[in-house]
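Spelled out from the first residue to the last, the chains are:
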Amino acid sequence: RPVILWFRRDLRLGDNPALAAAIDTGRPILPVYILDEGGEGRRPGAASRWWLDKSLRALDVALRRRGGRLILRRGDSEAELRRLIDQTGADQVFMNRRFEPEAFIRDADIAHALKAEGIACHGFNGSLLARPGAVLTGAGKPYRVFTPFLKALLQAAPDRLATPAPETLATPEGLAGEDIDAWGLHPTAPDWSQGFDWTPGEAGAAAALSAFIEGGLADYAVGRDVPGRRGTSRLSPHLHWGEISPRSVVRAVRAAAAQGRVAPAQADKFVAEIGWREFSAHLLHQFPYMAERAFRPEFDAMPWRTDPEGLAAWKKGRTGYPLVDAGMRELWATGWMHNRVRMVAASFLVKHLLIDWREGEAWFWDTLVDADLASNVQNWQWVAGSGADAAPYFRIFNPVAQGEKFDPAGRYVRRWVPELRALPGRWLHAPWTAPAAVQAEAGVRLGRTYPRPIVDHAAARARALDALKAIAARS
Ligand code: FAD
């Protein structure tokens, strides 16, 4: 009798605990992916669907090279698993668990229902360094502050060897699957993904990791903040879809430090960022309400403004603040935005425009290839000041100063806001301050070729501080 390997957010063959355990049974393995668009919590956004399309194809290629293939099904996960069990006589299911609250509960329900019929479901952790719940304070409570969490995480996380991808993996014949072309995951009319420069799949993830170790890692602590450079790993979508495990990433980066190829402090800084991913996942698992509401409840009383025009200008990258606009355009064109700019753009929406963080979170959810419920919600709430261990509420990023500091040569803004390309660096981050003759010389006509600022920084800052002070006074 075969066993089912139910692929979820673990679209890889290397260091895959569910796969390793399925192989250990010595039975034939049925690798299946179920597109369940109703039952697994929030439906993936458009950019995520783009990624999933390519990642599943890559996984199928990897399986075929080993004599197997990926069986695709669409519908309710439990019903599809049952159908597969009826068709094949399989009596065990192996899966790496998802830890977002809705998917987690549903997995448990499915396992429970199948168990009642003699089908064993084996769940593993393939996506995090440590399972949520395994890293708790001395008093047995979830951590709410990052630094002690990270310390405890690194102590708790096992550092055992990754299991490599198997060399062969034959799939029993004669089982029908769906055709991925019929799923319509790739956008058609219009195809907005033409600027996406990604290689989804396990091989693409490994290549991104190697490129980073050879490149950005050596200067990561500083380079990670410079959006005009390739100073970060761009592993986030690969990690989200489980095309590489965080454990292999951490091992590889630490090995580079141990071999003297990079300074240990650079590797540590990078591991700490992986730690933020863990912190986000653990928090959401332990405080499920934070996907919808403020982690710190007093922030639910924020006097958010309804401003459809401001929201639309933000989404399109037409706020008149070059760094914000560059980020929002990078997001639309590539499905990704540099972290420094995510912080500034998010802060602009929440603080300068006083628009509810959930509006921004929803837009990121739809447009990011790395859209991840836990990381997205945690980071939006960090920016909004409503999260656990959030930025202090009175920190209001000045988009001009941020641009001057982190994009001093203007490489990033010139790339994404070409209408300002000819403006000298001195005025690039605040074009409205350039003398009329300079604007004219650079072909910039504010209000025509590029918007004037949709809000005045000083006034918006004062408005946000008033609202935030009132909220902070309640806590
Ligand atoms: P690197 O700097 O190379 O970092 C390595 C890995 O560490 C990343 O791939 C990611 O998995 C993790 N990481 C780094 N920073 C963070 C962080 N602040 N929080 C959580 N994990 C982190 N990241 C997502 O993966 N999905 C999201 O939906 C998401 N939404 C965000 C929304 C906002 C408003 C902000 C400010 C940040 C968000 N981030 C999100 C975090 C961060 O911006 C991205 O993880 C990072 O830019 C990805 O690029 P990288 O892989 O090159 O990062």
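Residues numbered from 1 in each chain as written. Predicted model: local features only at pLDDT ≥ 70, side-chain atom pairs only at ≥ 80, totals over all residues.

Chemist: Describe in detail the overall build of the protein chain, supporting the description with residues and values.
Modeler: Counting secondary structure elements, the protein chain contains 20 helices and five strands. Against the 2.2 N^0.38 benchmark of 23 Å for 475 residues, the protein chain shows a C-alpha radius of gyration of 24 Å, consistent with a compact globule. Expressed along its principal axes, the backbone C-alpha trace of the protein chain runs to roughly 80 × 50 × 50 Å. Sorting the 475 residues of the protein chain into buried and exposed places 47% on the buried side. Residue pairs at least 24 apart in sequence account for 75% of intrachain contacts in the protein chain once pairs closer than 6 positions are excluded. (Helix = DSSP H or I, 4+ residues; strand = E, 2+ residues; numbered from the N terminus. Rg over C-alpha atoms; globule rule 2.2 N^0.38 Å. Buried ≥ 20, exposed ≤ 12 C-beta atoms within 10 Å, placed from the backbone. Contact = placed C-beta atoms within 7 Å.)

Chemist: Please give an account of the UniProt feature "site: Electron transfer via tryptophanyl radical" (unreviewed entry) in the protein chain that cites residues and values.
Modeler: Feature annotation in UniProt assigns "site: Electron transfer via tryptophanyl radical" (unreviewed entry) to the following positions: W304, W357 and W380. On the secondary structure map, W304 appears in the loop between α10 (264–286) and α11 (308–316). Discounting chain neighbours no more than four positions away, the residues touching W304 are L354, I355 and D356. Summarising the element assignment, W380 is placed in helix α15 (residues 373–384). Residue contacts for W380: discarding those within four places in its chain leaves A346, W357, G360 and E361. (UniProt positions renumbered as here; feature names shortened; annotations may be inferred.)

Chemist: Run through the site of the ligand, naming residues and quoting values.
Modeler: Taken together, the neighbourhood of the ligand is formed by 27 residues, with T232, S233, S236, N376 and N379 sitting nearest. Breaking the shell around the ligand down by element, the ones donating at least two residues are α8 (236–240), α10, α13 (339–352) and α15. Taken together, the residues of the shell around the ligand break down into 11 nonpolar, nine polar and seven charged. Here the shell around the ligand spans two domains, and each of domain 2 (128–162 + 202–286) and domain 3 (297–474) adds at least three residues to it. (Near = placed C-beta within 6 Å. Nonpolar A, V, L, I, M, F, W, Y, C, P; charged D, E, K, R; others polar. Domains from an automatic or database assignment.)

Chemist: How would you explain the sheet that holds strand β4 (residues 92–96) if you had to name every residue and give the values?
Modeler: Spatially, the five strands line up as an open sheet ordered β3-β2-β1-β4-β5, and their pairing is parallel. Two strands close off the open sheet at either side, each with one partner strand: β3 (71–74) and β5 (120–124). If you compare each strand with its neighbour and ignore which way they point, the axes differ by 25 degrees on average. Along the sheet, helix α4 (residues 101–115) makes contact with β4 and β5, crossing β5 at roughly 155 degrees. (Pairing = 2+ DSSP bridges. Axes fitted to C-alpha atoms, helices over the stretch in contact; angles between N-to-C directions.)

Chemist: A description of the UniProt feature "binding site: FAD" (unreviewed entry) in the protein chain should follow, citing residues and the corresponding values.
Modeler: Mapped onto the present numbering, the UniProt feature "binding site: FAD" (unreviewed entry) falls at Y220, T232, S233, R234, L235, S236, F270, D370, A371 and D372. Spatial dispersion of the annotated residues is evident: they stretch over 153 residues in sequence, and the largest pairwise C-alpha distance comes to 22.9 Å. Its location among the elements puts S233 in the loop between α7 (220–223) and α8. Classification of S233 as buried rests on a count of 24 C-beta atoms within 10 Å. Leaving out residues up to four positions away in the same chain, S233 has contacts with A208, L209, F212 and G216. Relative to the helices and strands, D372 resides in the loop between α14 (357–367) and α15.

Chemist: An account of the packing of α13 against α15 is requested, with residue identities and associated values reported.
Modeler: The N-to-C vectors of α13 and α15 enclose an angle of 60 degrees; their axes lie 9 Å apart at closest approach. What the angle tells us is that α13 and α15 run oblique. For the crossing formed where α13 meets α15, the hand is right-handed. In this structure, α13 contributes M343, A346, S347 and V350 to the contact, and α15 contributes W380, V383 and A384. A class-by-class count of the residues in the contact of α13 with α15 yields six nonpolar, one polar and no charged. (Parallel < 35°, antiparallel > 145°, perpendicular 65-115°, else oblique. Left-handed = near helix turned anticlockwise from the far one by under 90°.)

Chemist: How would you sum up the environment of L175? Please name residues and give values.
Modeler: Structurally, L175 is set in the loop between α5 (146–156) and α6 (202–214). Once residues lying within four places of it in the same chain are set aside, the contact partners of L175 are L30, I71, Q87 and T88.

Chemist: Lay out the pairing of strand β1 (residues 3–7) in plain terms, naming residues and giving numbers.
Modeler: The element β1 is extensively covered by neighbouring structure, given that five of its five residues are classed as buried. Burial along β1 is two-sided: the residues V3, L5 and F7 and I4 and W6 are all buried. Pairing of β1 with strand β2 (residues 29–35), which is carried by five bridges, proceeds in the parallel orientation. Looking across to β2, one finds that V3 is bridged to I29. Traced from β1 through helix α1 (residues 17–24) to β2, the parallel crossover comes out right-handed. Across three bridges, β1 lies against β4 in parallel orientation. In the strand pairing of β4, W6 is matched with M95. (Right-handed = clockwise from strand over helix to strand, strands pointing away.)

Chemist: An account of the domain arrangement of the protein chain is requested, with residue identities and associated values reported.
Modeler: Interface size is commonly expressed as the accessible area that is lost once the parts come together. In terms of domain boundaries, the protein chain breaks down into domain 1 (3–126), domain 2 (128–162 + 202–286) and domain 3 (297–474). Taking only C-alpha atoms into account, the centre of domain 1 sits 25 Å from that of domain 2. The partner domain 2 presents 17 residues to the 17 residues of domain 1 that form the contact. Within the residue set of the side of domain 1 that touches domain 2, elements represented by two or more residues are α2 (46–65) and α4.

Chemist: Go over the environment of V350 with me, naming the residues and quoting the values.
Modeler: Looking at the secondary structure, you find V350 in helix α13. Each C-alpha atom of the pair V350 and W380 lies 9.0 Å from the other, and the pair is 30 residues apart in sequence. Contact partners of V350, with chain neighbours within four places excluded, come to I355, W357, G360, V383 and A384.

Chemist: Explain the packing of helix α12 (residues 322–334) against helix α16 (residues 399–406) to me, using residue names and the numbers behind them.
Modeler: For the pair α12 and α16, the least separation of the axes is 8 Å and the interaxial angle reads 75 degrees. One element, α12, and the other, α16, form an angle in the roughly perpendicular class. Taking contact as the criterion, the partners of P322, L323 and V324 in α12 are, on α16, P399, Q402 and G403. A class-by-class count of the residues in the contact of α12 with α16 yields four nonpolar, two polar and no charged.

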